[in-house]
Every structure is written in structure tokens, then in C-alpha cells.
Amino acid sequence: MSCLHKRLKKNKSEEEAFLEKARRIAHENGKRLGLEGDADLQFLLVGGELIKIRSSSWKRNRFFKLQEDCKTLWYESHKTFRKNQTFSIDDIESVRKGRQSEGLNKHTDPSVEEMCFSIIFKGSKKNLDLMAANGTEAKQWVSGLDKIIHNMRNLSRQQKSEHWIINCMRKADKNADNKMTLKELKHFLRQVNVEVDDTYAAEIFKKCDTSNSGSLEGEEIKHFYDLLTHREEIDVIYGNYAQTEGQMSSKDLLNFLLTEQREKVSMEDALKLIEKYEVDGTAKQSERMSKDGFLMYLHREAGSIFNPAHKQVYQDMRQPLNHYYISSSHNTYLMEDQLKGPSSTEAYIKALMKSCRCVELDCWDGANGEPVIYHGYTLTSKVLFRDVIKAINDYAFKTSDYPVILSLENHCSVDQQKLMAHHLISILGEALLTKPVGNTMPSDFPSPEGLKGKFLIKGKRLNKLDAALNNNNNSTIEEDTVSEEDEAADCKENGRKSKSKKSKIKLAKALSDIVVYCKSVHFSGFEHAKDCQVFYEMSSFKESKAFNLAVNSGTAYIHHNIDKLSRIYPAGSRTDSSNYNPVPMWNVGCQIVALNFQTPSKEMHINQGRFLQNGLSGYVLKPEFQRSLSSRFNPNTGPWLKRKTFHVMVISAQQLPKVNKDKDKHKSIVDPLVRVEIYGVPADNASKETHYIDNNGFNPMWNEKFQFNIHVAELALLRFVVEDYDTTSQNDLIGQYCLPLSSVQNGYRHVPLLTKRGDVICSAGLFVHLMLVDAQ
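**Topic: helix α15 (residues 385-395)**
Reasoning step 1: Within α15, the full set of buried residues consists of F385, V388, I389, A391, I392 and Y395. Down the axis of α15, the buried set is contained in an arc of 160°. They therefore lie on one face.

Structure representation (C-alpha cells):
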């Protein structure tokens, strides 16, 4: 819908009618979002002037306004070919009040803190830094946007779908007369990604045009909507179990839950579902579930593929730290590639907000005595170490309370190392762990629970931990020489520097002293590590070395990781910030499997799937056979203890988005296919796909069955990939979703879909039937 401020002039009565209609539409959409009459929403709908800030010299007044669909923000642009611009609320990751972005921190004075806010977008789109006329208005903008974002994310898939379809209908209603002609109906169908021939479109139109007026309005449009959104597959399932006067009694529902969904539930649970999801008051009173209530149940978290019990922290968090997989980032400071891309505090914020619990800091001498972070021997930009630590301190525990490891790659002179230690101690304060928990010499790692809200430093240390505790820590020595970090040596090798791989660096005692549980040491073999290394001495492995060890010494690697930490990092040759497959590393119990978070890729989808469970805490407890010294498990050879058979039926999809790769793609309707992938031990890796369906992204149906033999369900991940089939080029990704097989719910389930960058596609999804059973 075009903005009120940019439209053709109308006479007074037309103007009043137009404004009244806009108010009514905004009211309806506000009501759908649960914000009827909300003062902050009304404030956004009226809009106002804000100052857009790009630099210290580029600050421009711009008018911003929420459109009547309550999901699009409009603002004026002074660009020649773009007189106004819009973006969807769906594209916003978060709204930050105050000078909390790199740009505002740099280009505004602290005195305007209360007037500033930033809109942070998903993906790689630049932040929008704004300043209101006063603190009250800034607060209203932030509060209003936060409410809409929160309420939109909490809509059920059915509500999101309805919201989306109704707004598509409004866009198709070109002359805004609340009627739909045959031409407008065809335009609408193309918008919702379904191709129908003219005869079929005319047939639907005729069926709904009961008044024979040549256009649909009121109840006729509702009839058309019902026909369009009718789910034949749901009718069949519901019909099989609705044995009580055409409806599901509580007994029928219980039968469905036990037989199809394989849930351990009672009659009490069935009644609770009716109470929670039934939309018809009479049916609810009779303790029955109508078809609408059944659809509502299937669309909510109870009917989702992902077990809702795993949305919270449900695992034992009191095991030693090394008994967990830890969500970890490599070269966290980079926004793009490893050669010339920008370094930014924003990259740390994005990683931490995704529950990343181990971030990397490549530290180098900077100007004016201040250490900086950037990718050495390259043209990547530099960011102050101090600013990065401030950003980490501000955002580390917003998504997860569990400990954050700061992995230091130290290339600094002793003086700047001392300043690094000063910044870490002064900025992180008591949250920085500077001595062992309990002040006694530990024999094992503390638990994530015992380290909640704490920062751990990973780096080189001048001496053993017991020397410090026994007061043998010679305080007169301010520095000494240690071997360089393995990754730093690799970095030099890739930078064509003619230095020995075993080169030495000088280490400041002040920086050494704050390394407690994560002392970096060179790996010289599993036997050497077992005989000579204490538990807190950990090694970093380049991906190629780690893969080789995983293949040839799987059981030894698992045993090494039972009492020590291992960090894996991508090869230096990955200058495009691509990623390696993390699964073989998890299969041998490696904890800190560091990936380039800035690169959307299949590997990052798998990483997101691995850490989806356990309350998005960034910590996942390893299976028991990776934590017990008596284990003989080898991911390559077994033994296989509990083999499973996994049955998957891909039934249908709903409201798949168009693939906007180029103009032709934008106009075309997708030809979707679904691929089902399993990642785990080598024997479990498998992929099977459906046929493609011509010209239907709205409600394609496959009804295809697949079977997978699963040897180690505890390590397996399930990934769905939906693609637009192309005969002449590579298929385009439409959406994907990955989760641990241990978090999958059996039965008829809806599967949400995510973009390549891992963001939810609001109204799109798959409908599947799943059954994981013991192998015969």
C-alpha cells in the first residue's frame, strides 16, 4: 500500500474516505498483532521526523512511518531514482536504544545518548542509525518497534499465514475498492506464488462470485480465501480420527496422540490441548476438537517437529566444561572475507546474540599504543581491542548466561599486551575469571553452571597453574618467552613470512596470569598429551590435521577429549571465509569447533541445528559414550549400540517464497523439491529427495516416503532443504531447517523454514510425517 505522504491528490470526500480506509486497515492489522489501541503503535502509524546518521558530516532529516499493514516501515529518500524506501519488520533483527552501534558511538556525542537508537537488520544489510528530537520520542520508536517484532514472532504459523495472505490481497486490489476482479485475482495468485491457467482462475472466480457481479466482495472474498487455504491432507488425517459426530472427542484426540504422534500422554493432556487450541466455544464445552482447532494445534509448538521441551535448558549443566559441545566462532571480528573485508564490533555482537560461547580475537600492535584486532598480513580493516571488549561485555550474556571463552591470538609487543590485560580486567571486572574456582588447585574443569556469567581467557601462559597457586609465581618477572600459538604460526606461513613455525614470542606476565582453564599448548600426539599435559592445557588443530586424526585415531581422539579441551579452526587457505564440515569433529568429541559465523553456508546451518536445543545456551552435553573412559566407541567402526530406523514422509509445503535472484526469477513461480539429509557418523550420512512440482510454491504436495538406517542417533542431525528446480542451472535455495535427531517429535509435524542466513521465513513451512523406531 502506498504511503499517505506520496499519492495523487484527491478531493476532500475522496481524501476522507481514503484516510478512513487506511485507519480501518491499520486497526485490523493492529488487532491481529494483539496491539489494538496501543499508544506506541499509533505513534508509529502517524510517523515523524528522525535524523539518519551515516558519518560525523552526513546527518539528514528523514520522515519515517509505519504503513497500514503494520509490518512495513516507510521512509523518504532523496535519491534520484528512489523517492521513498520501505523495509519489512521481518527484516529487523533487533532495535537498540542509545548509542549502541559502531556508527552512533563514533559519530555522535555522549550527550545525545537518550535520543539515539539503531535498527539492526538480519544478514549483511547495514544498520540504520537514527536520532529522534528527544528521549521520549526515541523511547516510543524503540518500544513500538519492539512490540511489533515481539508480537509478530509470537504469532502462530496460521496467524502469520492469514496476515500475509490478507495483505497480498490488499496489494492485488489495485483500485482499492475492496473488491476483486478476475484480473486482480490472477495478480494475487501470482503474488502468493501459485501458477494457474486462465480457465482454472476463471472457474474459482465463478464459483465464488455468487452475486454474478463480475467482482468478489465481502463473504465472496472470504469464500475464495477458504477455498485457497483448504488443506486436503489435514481433512484426511482429521477424518481418520474424528469418530464422534464428525468431530474429535477427547478420546479420539488421545487415540491420535498415542497412535500417530507416539506421545506419552494421558486423557488429561488431551483435554489440556482442547482447552488451549480449540477455537469453537461449543466444541470446547463438549470437550471436542474441531478441524479448525486441530489445525491450530498442528501449527503451534505442540505440533512442531522440534520438541518444545528442548527449547529450555533441559540437560545436566553441572558436568565438567569439556563434556559439552561449545558453539564457537573463528575470526569473529570479520564481517566478510579474510583478505580485505571489514573488521567490526558488530560481528562480535551478532555472534554472541546467536549464543556463540567462544569468540576469537587476533591482537596486533596498534597506533598510539592501543592494541587492535584484525586479520594479520591482509587488508582487512582494524578495530580497537578496547572497543571489542566493551561490546563483548555488553552483549555476552543477553541470549545465554553460560560462560564465554575469549580465544586470544596474541601478536602484540609486551607493552601492548599489558594494556590488553588492563582492558580485560577493568572492563570485564568480576565477570573475568582470574583464578581457579574455589582457590585450590583443581583436578578437573568447573561446570557451565558453576561458571555462569563468567569470561574465560584462552591463551599462552608462562607457567603451570599450581605454580601460581603455590606462590611460586615470581612476581619480579614481568615477561618471558613462550612458543607461538599454532594458528598464529599457520597465519605467518600463509602470509609467506619466512619465520620458523616454532617461533617464539615474548609474553607479558599480566596477560599470562589471567589464563586459567584454557592454557594453549602445542599438540605432540595423544600419548604425549596423556603423559605430559594437565587437563587445562589445550591444543588447537587445523581442520586437515583434525580430520586426519578423526579418521585414523577416532577412539584415541575421543579419550583425549574426555579430560581436555580441543579447538578446531578452518584452514588459512579459506580466504573467502568458507567453512569445513563440523560433524566429523563432534563425532570424536571435539568441543570448540570454530566456524566462520559471518558466512551463510550448509555448515553454518548444521551448526545452528546442533545448538538449537538446550535453550539456545550455546552448550550441548556430549553423549555418554564420549564422556566415559571405558568407552571403546569409534565413529568410523562402532560398536553400534542402539540402531534405529527413521521413516520420513514429505507430504506438502505451504507458502514458499519466490526466489528473487534476478528479474526473470522474480516474475516466475517456483518449481519446488524437498531434500532430506542426515549428518552423523559416516555410516549414517545420507540424502534423498522428492520429485519437483511445476509452478506451485503456494501449496505443493508430494506424499513421498523415505527410509534411513541410523546407527548412532545421538550424533545424527536431520536437515530439510527446499529448492527451486532449474533445468539449465544450479537449483536455488528456497529454505532449510536443521535440528538434532534427538529433538525430533514423531508423527504429523510442521517444519519451519529458514533463509540461507538462518532467519525464519514467516509463513512458509513443510508438513511431514516422521517415525524414529528401534531397528528390527
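**Overview of the nonpolar core**
Reasoning step 1: Counting residues in hydrophobic clusters, the biggest one holds 70 residues, and the most contacted among them are L361, I392, L406, L424 and Y557.
Reasoning step 2: Considering every element that reaches this core, the biggest residue donor is α15, with six residues.
Reasoning step 3: When neighbours within four sequence positions are excluded, L424 is seen to be in contact with F385, I389, L406, L408, G429, L432, I457, L511 and I514.
Reasoning step 4: Formed by 36 residues, the second largest nonpolar core is a distinct cluster that contains F306, L656, L739 and L753.

**Some details on helix α21 (residues 543-552)**
Reasoning step 1: For α21, the full list of buried residues reads E543, A546, L549 and A550. In an axial view of α21, the angular spread of the buried residues amounts to 130°, which keeps them on one side of the axis. Opposite the packed face of α21, turned more than 90 degrees from it, sit the exposed residues V551 and N552.
Reasoning step 2: Packed against the buried residues of α21 are α20 (526-532), β19 (537-542), α22 (554-563), β20 (566-569) and α23 (583-587).

**Things to note about the packing of aromatic side chains**
Reasoning step 1: For the coordinates displayed, the defined rule picks out 34 aromatic pairs.
Reasoning step 2: Relative to Y75, the ring of F64 lies with its centre 4.8 Å away and its plane at 10°, an arrangement referred to as stacked. Within this pair, whereas F64 is found in strand β2 (residues 59-66), its partner Y75 is found in strand β3 (residues 72-79), the two being separated by eleven residues in sequence.
Reasoning step 3: Classification of F64 as buried rests on a relative accessible area of 0%.

**Quick word on the environment of E360**
Reasoning step 1: Positionally, E360 belongs in strand β11 (residues 358-364).
Reasoning step 2: Given the relative accessible area of 1%, E360 is considered buried.
Reasoning step 3: Taking the C-alpha atoms as reference points, E360 and P672, 312 residues apart in sequence, are found 39 Å from one another.
Reasoning step 4: When neighbours within four sequence positions are excluded, E360 is seen to be in contact with S329, H330, N331, T332, Y333, Y348, S407, E409, E487 and R567.
Reasoning step 5: Separated by 2.6 Å, the side chain of E360 and the backbone nitrogen of N331 make a polar contact.

**Observations concerning the pairing of strand β7 (residues 128-131)**
Reasoning step 1: Side chains L128 and L130 of β7 all project onto a buried face; the interleaved residues D129 and M131 project onto the opposite face, where all are buried too.
Reasoning step 2: In this sheet, β7 lies alongside strand β1 (residues 48-53) in antiparallel orientation, the contact comprising two bridges. When the sheet's bridge partners are listed, I51 is paired in β7 with M131.
Reasoning step 3: Bridging between strand β6 (residues 116-121) and β7 involves four bridges; their strand directions are antiparallel. Looking at β7, one finds that S118 is bridged to D129.
Reasoning step 4: Remark: six residues form the turn of the hairpin made by β6 and β7, two consecutive strands paired antiparallel; G123 in that turn has positive phi of roughly 70°.

**Points about unusual backbone geometry**
Reasoning step 1: Even without being a glycine, C70 presents a positive backbone phi close to 60°.
Reasoning step 2: Structurally, C70 can be placed in the loop between β2 and β3.
Reasoning step 3: Even without being a glycine, R262 presents a positive backbone phi close to 50°.
Reasoning step 4: Summarising the element assignment, R262 is placed in the loop between α10 (250-259) and α11 (267-277).

**As for the side chain of S355**
Reasoning step 1: Topologically, S355 is positioned in the loop between α14 (345-353) and β11.
Reasoning step 2: The class of S355 is buried, set by a relative accessible area of 3%.
Reasoning step 3: When neighbours within four sequence positions are excluded, S355 is seen to be in contact with S327, T399, L616, S617 and G618.

Cut-offs used in this document
Residues numbered from 1 in each chain as written. Predicted model: local features only at pLDDT ≥ 70, side-chain atom pairs only at ≥ 80, totals over all residues. Heavy atoms only, no water. Buried < 20%, exposed > 50% of the residue type's maximum accessible area, 1.4 Å probe, protein only. Helix = DSSP H or I, 4+ residues; strand = E, 2+ residues; numbered from the N terminus. Arc of directions from axis to C-beta. Core = buried A, V, L, I, M, F, W, Y, C linked by side-chain atoms within 4.5 Å. Contact = heavy atoms within 4.5 Å. Phe/Tyr/Trp six-rings, centres within 6.5 Å; stacked < 30°, edge-to-face > 60°. Polar contact = N/O pair within 3.5 Å; in protein donor to acceptor, adjacent residues only side chain to side chain. Pairing = 2+ DSSP bridges.

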